[in-house]
Amino acid sequence: MPSLLQPDRVVAHGAAWVDAGLISPEQLDAIRRYEHLEATAERRFSIPAEIAVYLGSTVALGGGAMVVAQRWDDLAFAGRITIGALLIVVGLTAGAWSYRQGEPGTDRLAGFLSLVGLAGVAVTVGLLVDRTGEASEEVLVIVPGLGVVVVGCGLWRNRSRPLEFLSVVVAAVAVTFATTSLLDLSVWVGGAALVLWGTLLALASGFDMVRPSDHGVAAGAIVAYIGAISWSDIDERLGPVTALIVALALVGVAVRRDEPAPLVLGVVGALIAIQAVLATTFDSALAAAVVALCGIVLVVGVTARSARRGARSRR
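Let me sum up the structure you'll find in this document. (Residues numbered from 1 in each chain as written. Predicted model: local features only at pLDDT ≥ 70, side-chain atom pairs only at ≥ 80, totals over all residues. Heavy atoms only, no water.)

## Some thoughts on the overall build of the protein
Per the secondary structure count, the protein includes 12 helices and 0 strands. In the protein, the succession of helices and strands from N to C terminus is α-α-α-α-α-α-α-α-α-α-α-α. Buried positions account for 34% of the 315 residues belonging to the protein. Considering only contacts in the protein between residues 6 or more positions apart, those separated by 24 or more positions represent 60%. (Helix = DSSP H or I, 4+ residues; strand = E, 2+ residues; numbered from the N terminus. Buried < 20%, exposed > 50% of the residue type's maximum accessible area, 1.4 Å probe, protein only. Contact = heavy atoms within 4.5 Å.)

This is how it looks when you write it as structure tokens:
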């Protein structure tokens, strides 16, 4: 049975548990073996090596992109397709090889390489669609986006692969917007679609049905937040108020799950939404001042409560 635990969280918290004397190093190794996390082997792919690979890959891709951009208009269709196909083959093949190494560093590298492959999918499919000469701008987004969603889901397969997962989410959002525009649907319909599937994604992630769950909760909330904000074109209060509800829900889930990154996103989103709500009633300067005051009160209140809890626990 595959583990429901996230290896990175076990690594991060396991060391703290050992340092605090809650468990022994041997017990931590036993937990890793039982959960099939395979974290007891010595690292073969060091952090400096990982950084060097990222840096070299970025420089190579950046330099190649500059050369191709300068010659793109002069390239024949076959040359352009070849570039897209090379990105697919190199990115996906190297990514699959990196995942088979079974180390945290190579897993992160594999995610980066998968992004390169997915970029190649978008480029190649987009070129093929554009070749017909009759595709609208929306179709040039929808078809490549669906290609990225399909291939990305095949790479992700509901595993703890955040970059592949986020690529699928971003492509799905782009497809939703383009479809709304192509069908000439109202902003209400497009926003409702984003709010609906973003909420479902966040809920499924919150119940650990989607992995990585922390990225799923945050991504789902962001999608729903974007959909809610789009309703501002219909009603200047409806969009910000709905976005505020989404952001506060994200804050609540993040606090309950003890996940700082979604918590920060939720707080920032809530403050932006509050300012937007207040701006519909007061002038922008006053709204900004009220939001700043709310932020200060929130920080002071949370800090004071944490200090009281710490004092009680020491007694």
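Right, picking up where we left off after that structure.
## Overview of the packing of aromatic side chains
Following the criterion strictly, the structure yields 2 aromatic pairs and no others. Measuring from ring centre to ring centre gives 5.1 Å for tryptophan 156 and phenylalanine 165, while their planes differ by 50°; the resulting arrangement is tilted. With relative accessibility at 13%, the residue tryptophan 156 sits in the buried group. Relative to tryptophan 231, the ring of tryptophan 188 lies with its centre 4.7 Å away and its plane at 20°, an arrangement referred to as stacked. Within this pair, whereas tryptophan 188 is found in helix H8 (residues 187-206), its partner tryptophan 231 is found in the loop between helix H9 (213-230) and helix H10 (238-257), the two being separated by 43 residues in sequence. Tryptophan 188 gets classed as partly exposed once you look at its relative accessible area, which sits at 43%. For the cation-ring pair, arginine 131 lies above phenylalanine 77, with the distance from its terminal atom to the ring centre recorded as 4.3 Å. It is arginine 161 that lies over the ring of tyrosine 99; its NZ or CZ is 3.7 Å from the centre. (Phe/Tyr/Trp six-rings, centres within 6.5 Å; stacked < 30°, edge-to-face > 60°. Lys NZ or Arg CZ within 6 Å of the ring centre and 35° of its normal.)

## A word on the environment of isoleucine 234
When you line up the elements, isoleucine 234 lands in the loop between H9 and H10. Sequence spacing of isoleucine 234 and tryptophan 188 is 46 residues, and the spatial spacing of their C-alpha atoms is 7.3 Å. Among all residues touching isoleucine 234, those that are not within four sequence positions of it are Val187 and Trp188.

## Thoughts on H8
Over its 20 residues, H8 extends 28 Å from the first C-alpha to the last, a length consistent with the 28 Å expected when each residue adds 1.5 Å. For H8, every residue scored as buried is listed here: Gly190, Gly191, Leu194, Val195, Gly198, Leu201, Ala202, Ala204 and Ser205. The elements touched by buried residues of H8 are helix H7 (162-182), H9 and H10. A positive backbone phi angle near 60° is found at aspartate 208, which sits one or two residues after H8. (Expected span 1.5 Å × (residues − 1).)

## Looking at the packing of H7 against H9
Running from N to C, H7 and H9 point in directions that differ by 15°, and their axes come no closer than 11 Å. Our classification of the angle between H7 and H9 gives roughly parallel. Once H7 is placed against H9, the crossing between them reads as right-handed. Contact residues: H7 offers Pro162, Phe165, Leu166, Val169, Val173 and Phe177, while H9 offers His215, Gly216, Ala219, Val223 and Ile226. Grouping the constituent residues of the contact of H7 with H9 by class yields 9 nonpolar, 2 polar and no charged. (Axes fitted to C-alpha atoms, helices over the stretch in contact; angles between N-to-C directions. Parallel < 35°, antiparallel > 145°, perpendicular 65-115°, else oblique. Left-handed = near helix turned anticlockwise from the far one by under 90°. Nonpolar A, V, L, I, M, F, W, Y, C, P; charged D, E, K, R; others polar.)

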